[in-house]
Amino acid sequence: EVQLVESGGGSVQAGGSLRLSCTASGFTFAGGNMGWYRQSSGDECELVSGVTSDGDSYSVDSVKGRFAFSQDNSKNAIYLQMNNMKVEDSAMYYCAAMLRSRRTRCRQFGYWGQGTQVTVSS
């Protein structure tokens, strides 16, 4: 059974930092096509940052220069370092693999974690 488990969410003050982690079991991240989504409105999610199977990176404009995607294949894990956080970054964040779209219904296709809540206060 494939499982993606996120951790690292929580509450921070604007300008602070959080590091999200996602560890996979029953699936290998090494091939790429993986990243982090966040819930944007209703049940819709947007891809925040990730990498394709060809190694092409992507980050949504609103987080460029502040968030950084990384991976550790020895641990079969991916990460999202979030710095200089803003109130508008508050959302449920999801680790996902087998990405299909930069915007999609949350958890609809592919492999998704359960989500980890991020709340940024002013």
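To be clear, the structure that these remarks concern was listed above.
Residues numbered from 1 in each chain as written. Predicted model: local features only at pLDDT ≥ 70, side-chain atom pairs only at ≥ 80, totals over all residues. Heavy atoms only, no water.

Draft legend 1. The arrangement of the pairing of strand β1 (residues 3-7) in detail. Side chains of β1 alternate between two faces, with Leu-4 and Glu-6 buried and Gln-3, Val-5 and Ser-7 left unburied. Across five bridges, β1 lies against strand β3 (residues 18-25) in antiparallel orientation. Within β3, the position partnered with Gln-3 by the bridge is Ser-25. (Buried < 20%, exposed > 50% of the residue type's maximum accessible area, 1.4 Å probe, protein only. Helix = DSSP H or I, 4+ residues; strand = E, 2+ residues; numbered from the N terminus. Pairing = 2+ DSSP bridges.)

Draft legend 2. View of the state of the cysteines. Using the criterion set out here, one finds two disulfides in the structure. With a sulfur-sulfur separation of 2.1 Å, Cys-22 is cross-linked through a disulfide to Cys-95. Note on the Cys-22 and Cys-95 pair: the S-S dihedral is about -70 degrees, so by sign convention the disulfide is left-handed. Of this pair, Cys-22 sits in strand β3 while Cys-95 sits in strand β9 (residues 91-97), and the two are 73 residues apart along the sequence. Residue Cys-22 is classed as buried on the basis of its relative accessible area, which comes to 0%. Taking relative accessible area as the criterion, Cys-95 reaches 0% and is therefore assigned buried. (Disulfide = S-S within 2.5 Å.)

Draft legend 3. Focus on the nonpolar core. If you look at the biggest cluster of nonpolar residues, it comprises 25 residues, and the most contacted ones within it are Phe-29, Leu-80, Met-82, Tyr-93 and Val-118. Residues in contact with Tyr-93, not counting those within four places in the same chain, are Glu-6, Leu-20, Tyr-37, Arg-38, Val-48, Phe-67, Leu-80, Met-82, Gly-115, Thr-116 and Val-118. Of all hydrophobic cores here, the second largest spans eight residues; its members include Tyr-37, Cys-45, Ala-96 and Leu-99. (Core = buried A, V, L, I, M, F, W, Y, C linked by side-chain atoms within 4.5 Å. Contact = heavy atoms within 4.5 Å.)

Draft legend 4. How the structure looks around the sheet that holds strand β7 (residues 67-72). Read across the open sheet, the four strands follow the order β1-β3-β8-β7; overall the sheet is antiparallel. The sheet is open, and its two borders are formed by β1 and β7, each paired with just one other strand. The mean angle between the axes of side-by-side strands here comes to 15 degrees, regardless of whether they run parallel or antiparallel. Where β7 lies against strand β8 (residues 77-82), six bridges are found, and the strand directions are antiparallel. Bridge assignment links Gln-71 to a residue of β8, and that residue is Ile-78. (Axes fitted to C-alpha atoms, helices over the stretch in contact; angles between N-to-C directions.)

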